[in-house]
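# Topology and contacts: notes
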2 protein chains.
Amino acid sequence: MKPIRYGIVGSGALGGYYGAKLARTGCDVHFLMRSDLEAVRRNGLTIRSKDGDFHLPGVNAYGSPAEIGPCDTVLIAMKTTSNTALPTLIPPLLGPETALVTLQNGLGNEEFLASHFGARRVMGGLCFVCLNRTAPGVVEHYGHGTLSVGEFKGPPQDRTMRLVTDFQRAGVEAKAVQSLITERWRKLVWNIPFNGLGIAAGANVAQVLADENLLANARALMAEVIEAAGKQGYAIRPDFIEDQIQRSLSMGEYHSSSQVDYEAGREVEVESIWGEPLRQARAAGSQTPRLELLYALLSRLAGVRMNPQINAD
Amino acid sequence: MKPIRYGIVGSGALGGYYGAKLARTGCDVHFLMRSDLEAVRRNGLTIRSKDGDFHLPGVNAYGSPAEIGPCDTVLIAMKTTSNTALPTLIPPLLGPETALVTLQNGLGNEEFLASHFGARRVMGGLCFVCLNRTAPGVVEHYGHGTLSVGEFKGPPQDRTMRLVTDFQRAGVEAKAVQSLITERWRKLVWNIPFNGLGIAAGANVAQVLADENLLANARALMAEVIEAAGKQGYAIRPDFIEDQIQRSLSMGEYHSSSQVDYEAGREVEVESIWGEPLRQARAAGSQTPRLELLYALLSRLAGVRMNPQINAD
């Protein structure tokens, strides 16, 4: 079988890491890069990982999608705050059967791609991984790395399984999921409270767990998210809340990626993690008062952090 | 009739201002002071006000309640975060008929005094005033000044009307209210959202009003407070929400006292403004999810602001 030709759109920490893992095992990977392009052309990609460091000296790195041309599978790893760039970046990468796989956070990314390129092309992946781009072309991998891949609509297909297989060969713990959107909601059950309270209360995971009022609100937010998912047909069992609390207890002083972004003055993915779930909950007639308040606070806090002049008074 | 002998406990901006207004018109006022004692003994009290500046050269200022001795009426103007000092400060000021009037913010202050000194002694006043202590013995009065005085239990009595009369003679717009605790809840309808979002979202009144998500949450918080008050028999009409929004529109870039305290690194009255209303709402079986989240956030944020080492990680 002809090997998959991969395009990676958004080659920061996420795209750099998963792309480099695939490329290292001989996959045909083409990276669309912006800020890191010159550094990667000069020095290649370096991954520093607890699973073992590695370096790719020769990387197919490009400054425009036209130089890459049509791919079989495009992995989209940009921050969702840059999604408006996708309608111009993607078309040169498309052949008749090209699959678009969003590895991005939160909700609404599959729908966004489907609205521009048709639902049939769209797949998604949930990344449970802790990464940081520490210098141009250098990604630090702190832990985890599991990938759950699924079709936007319907159960896994052949292309889903081929993607899983390529990742597994590349040493990534990957699996196919029956319902991608259910998995997205399950991930949000944790991200909505812990990433959100992380920013709004300035509290890392251990600090949320140690504060009885914050913890009670984290549980209540989880219940709101589970109810909103359920109303849309994405069933999550209520005892998933306790699973998630237990899992969090082992995380220690972990700062969520959103909290890290916020504290570093970078854009926070407020719309995909809080705004879109809230809008979907509302459309389904679900009551999510805590999510509403949290979204309003985060939207304001993240907006002011990026544009401090809004707060000049 | 024998003039009322007044004791003022907590002679910061609030106690200094109202005490000085009374003393200026000849009332017998005795100030319990701590940090400002020496300055006031030396230089008296100075009030700078849009209604006209004035200076009281000779002020009865004391460092301990025993030096003051029994009073007819004790005005309590300390921040509620110092309430634990009251059980030792008050007893030397008590005669058989002494009234204790809490001018403090939020809920629970009357109940606290009643639990230590008997409900019969307890009265309260709501202060709609904008003050700042700018130097020892110097209070800046920025605006307003209305005082609503009532009995903790039941309708106004003779002593209520005498207090109102003394304040009116002193040039304070004062009135007696039929149900003090209803008035406290009415004041919280504004303070809970605007003081709270002021801190949690870093937004002044105009900024809350200009942000559709924050404004929607402000209205929803008001509705929660009105419902919680109603469940306890303190009826507030739902159209009070729109009254309060309209009133807020005229306030401009106003920073609530809690926001000013928070931004200046001073203690915030989290328990009396958010904690106690929440506990009372819960006890009455009222659902207040937004208040719960807001309280948890403020409790954490204000705690960290006062003790930054909690956040060391």
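Now for a quick tour of the structure. All chains use their own residue numbering, which begins from 1 and follows the written sequence. Written order determines the labels here, with chains lettered from A and ligands numbered from 1. Reporting in this predicted model follows two pLDDT cut-offs: at least 70 for local features of residues, and 80 or more for side-chain atom pairs to be given and counted; totals over whole chains, interfaces and linings ignore these cut-offs and use all residues. To get the side-chain values, take all heavy atoms of the structure and skip hydrogens and water.

The next point concerns the relation of the copies chain A and chain B. In this comparison the copies share one frame, found by least squares on the C-alpha atoms of residues holding pLDDT of at least 70 in both. Superposing chain A onto chain B takes a rotation of 180 degrees combined with a translation of 0.0 Å along the rotation axis, leaving an RMSD of 0.1 Å. These values place the two chain copies in the arrangement generated by a two-fold rotation axis. Distance from the rotation axis, computed per C-alpha, reaches its smallest value in chain A at A:R290: 2.7 Å. Residues are treated as being in contact if the distance between any of their heavy atoms lies within 4.5 Å. Of the residues that chain A buries at the interface, 100% are likewise interface residues in chain B, meaning the two copies contact each other through the same surface.

Turning to the interface of chain A and chain B, a few remarks are in order. Between chain A and chain B, the contact holds 27 residues from the first and 27 residues from the second. Summing both sides of the interface, chain A and chain B together bury roughly 2,300 Å²; the carbon and sulfur share of this comes to 54%. Under the rule applied, a polar contact is a pair of N or O atoms within 3.5 Å (in protein, one hydrogen donor and one hydrogen acceptor; residues adjacent in sequence only if both atoms are side-chain atoms). Scanning the region where chain A abuts chain B turns up twelve residue pairs in polar contact (both at pLDDT 80 or more). Its residues placed into classes, the side of chain A that touches chain B shows 13 nonpolar, eight polar and six charged. Note: buried area is the sum, over both parts, of the accessible area (probe 1.4 Å) each one loses when the two are combined. Classification convention: Asp, Glu, Lys, Arg as charged; Ala, Val, Leu, Ile, Met, Phe, Trp, Tyr, Cys, Pro as nonpolar; all other residues, Gly among them, as polar.

Residues and elements named next belong to chain B. Lines fitted to C-alpha atoms define the axes here, with helix axes fitted over just the stretch in contact, and angles between the N-to-C directions of these axes take values from 0 to 180 degrees. Put simply, DSSP H or I for four residues or longer makes a helix, DSSP E for two residues or longer makes a strand, and each gets a number counted from the N terminus. Between helix α7 (residues 180-200) and helix α13 (residues 289-306), the shortest axis-to-axis distance is 10 Å and the interhelical angle comes to 50 degrees. Taken as axis vectors, α7 and α13 run oblique relative to one another. Our pair here, α7 against α13, has a crossing hand that is left-handed. Along its contact with α7, which presents I192, G196, L197, I199 and A200, the element α13 presents L291, L294, L298 and L301. Of the residues assigned to the contact of α7 with α13, the class counts are eight nonpolar, one polar and no charged. These descriptions rest on fixed angle ranges, namely under 35 degrees for roughly parallel, over 145 for roughly antiparallel, 65 to 115 for roughly perpendicular, and the rest for oblique. For any pair of crossing helices, the crossing counts as left-handed if the nearer helix is rotated counterclockwise from the farther one by less than a right angle, and right-handed if it is rotated clockwise.

Residue and element names in this part refer to chain B. Along the chain, the position of S35 falls in the loop between β2 (28-32) and α2 (37-43). Each C-alpha atom of the pair S35 and G252 lies 33 Å from the other, and the pair is 217 residues apart in sequence. Among the polar contacts listed, one links the side chain of S35 to the side chain of D36, at a separation of 3.3 Å.

Our focus in this paragraph is the environment of B:A229. Residues and elements named next belong to chain B. Note that A229 resides in helix α9 (residues 212-231). Look at A229 and you get buried, because its relative accessible area is 0%. Contact partners of A229, with chain neighbours within four places excluded, come to W185, Y234 and I236. Think of it in three bands: with a 1.4 Å probe and only protein chains considered, a residue is buried below 20% of the maximum accessible area for its type, exposed above 50%, and partly exposed in between.

Right, let's talk about empty space enclosed by the protein for a bit. In this analysis the probe radius is 1.4 Å and the grid spacing 1 Å, with only protein atoms considered; a cavity is a set of points the probe fits into but cannot get out of, a pocket is an open set with protein on both sides within 12 Å along at least five of seven lines, and lining residues have an atom within 4 Å of a point. Grid points are joined across faces, edges and corners, and a volume is the space filled by probe spheres set on the points. Counted by the stated rule, this structure contains four cavities of 30 Å³ or more. Estimated volume of the largest cavity: approximately 90 Å³. Lining the largest cavity, in full, are B:L103, B:Q104, B:N105, B:G106, B:G125, B:L126, B:C127, B:R184, B:K187, B:L188 and B:N191. Residue assignment for the lining of the largest cavity shows that the elements contributing at least two residues are β8 (122-135) and α7 of chain B. Tallied by class, the residues present in the lining of the largest cavity amount to four nonpolar, five polar and two charged. Computed from the structure, the second largest cavity encloses a volume of approximately 70 Å³. Lining the second largest cavity we find A:L103, A:Q104, A:N105, A:G106, A:L126, A:C127, A:R184, A:K187, A:L188 and A:N191. Contributions of two or more residues to the lining of the second largest cavity are made by β8 (122-135) and α7 (180-200) of chain A. Ranked by the residues each element gives to the lining of the second largest cavity, the list is headed by α7(A), at four residues.

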